[in-house]
Amino acid sequence: MTGMPLNHQLTDLQASLVKTCKTAPVYRMYSLGPKPALIRQHKADAGVAFAVEVWSMPLSKVGSFLLNGVKPPLCIGDVLLEDGTEVKGFLGEAYATQEAEDVSAYGGWRAYISSRK
């Protein structure tokens, strides 16, 4: 996210911020140390909408990003936005959240990080 410690992973590859918005309310968010993990819920009413950023990256840089910037238990998948569109984005693998803190009540990673200061 803009201004956060790992944002350089996008900006170093000439990615640009397209918009800020929210996900559809079908996810839970977990803290995996320095990174969040979004997990889509089976039941639509079990989720929360989260503040997110949508970025655009030159196609020629995507391979490098996937090889060097996306490490398990994070992955790239389809993220459903509040307007019904889907974009590629960071998701987490469910196994990694079994002992992770559920931070869904904060409504986004930035709000969770701010609460810890």
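- The name an unreviewed UniProt entry assigns to the protein is Allophanate hydrolase C-terminal domain-containing protein, from the organism Dunaliella salina.

1. Re a nonpolar patch on the surface
Consideration 1: Taken together, the side chains of L66, I76 and F90 make up a nonpolar region of the molecular surface, amounting to roughly 220 Å² of accessible area.
Consideration 2: Looking at the secondary structure, you find I76 in strand 5 (residues 74-80).

2. Some points on the nonpolar core
Consideration 1: If you look at the biggest cluster of nonpolar residues, it comprises 17 residues, and the most contacted ones within it are Y27, M29, L38, L81 and W109.
Consideration 2: Residues in contact with W109, not counting those within four places in the same chain, are M1, M4, M29, Y30, S31, G33, P34, K35, P36 and V103.
Consideration 3: One finds L10, A15, F65 and V70 within the second-largest nonpolar core, a separate group that totals six residues.

3. Overview of the environment of S56
Consideration 1: As for its position among the elements, S56 is in strand 4 (residues 51-56).
Consideration 2: Considering only alpha carbons, one finds S56 and K19, 37 residues apart in sequence, at a separation of 9.6 Å.
Consideration 3: Each residue touching S56, except ones within four places of it in the same chain, is listed here: Q14, A15, S16 and V18.

Rules used throughout
- Residues numbered from 1 in each chain as written.
- Predicted model: local features only at pLDDT ≥ 70, side-chain atom pairs only at ≥ 80, totals over all residues.
- Heavy atoms only, no water.
- Patch = residues over 30% accessible without salt bridge, like charges linked within 9 Å, V, L, I, M, F, W, Y side chains within 5 Å.
- Areas by Shrake-Rupley, 256 points an atom, 1.4 Å probe, with all protein chains shown as cover.
- Salt bridge = Lys/Arg side-chain N within 4 Å of Asp/Glu carboxyl O.
- Helix = DSSP H or I, 4+ residues; strand = E, 2+ residues; numbered from the N terminus.
- Core = buried A, V, L, I, M, F, W, Y, C linked by side-chain atoms within 4.5 Å.
- Buried < 20%, exposed > 50% of the residue type's maximum accessible area, 1.4 Å probe, protein only.
- Contact = heavy atoms within 4.5 Å.

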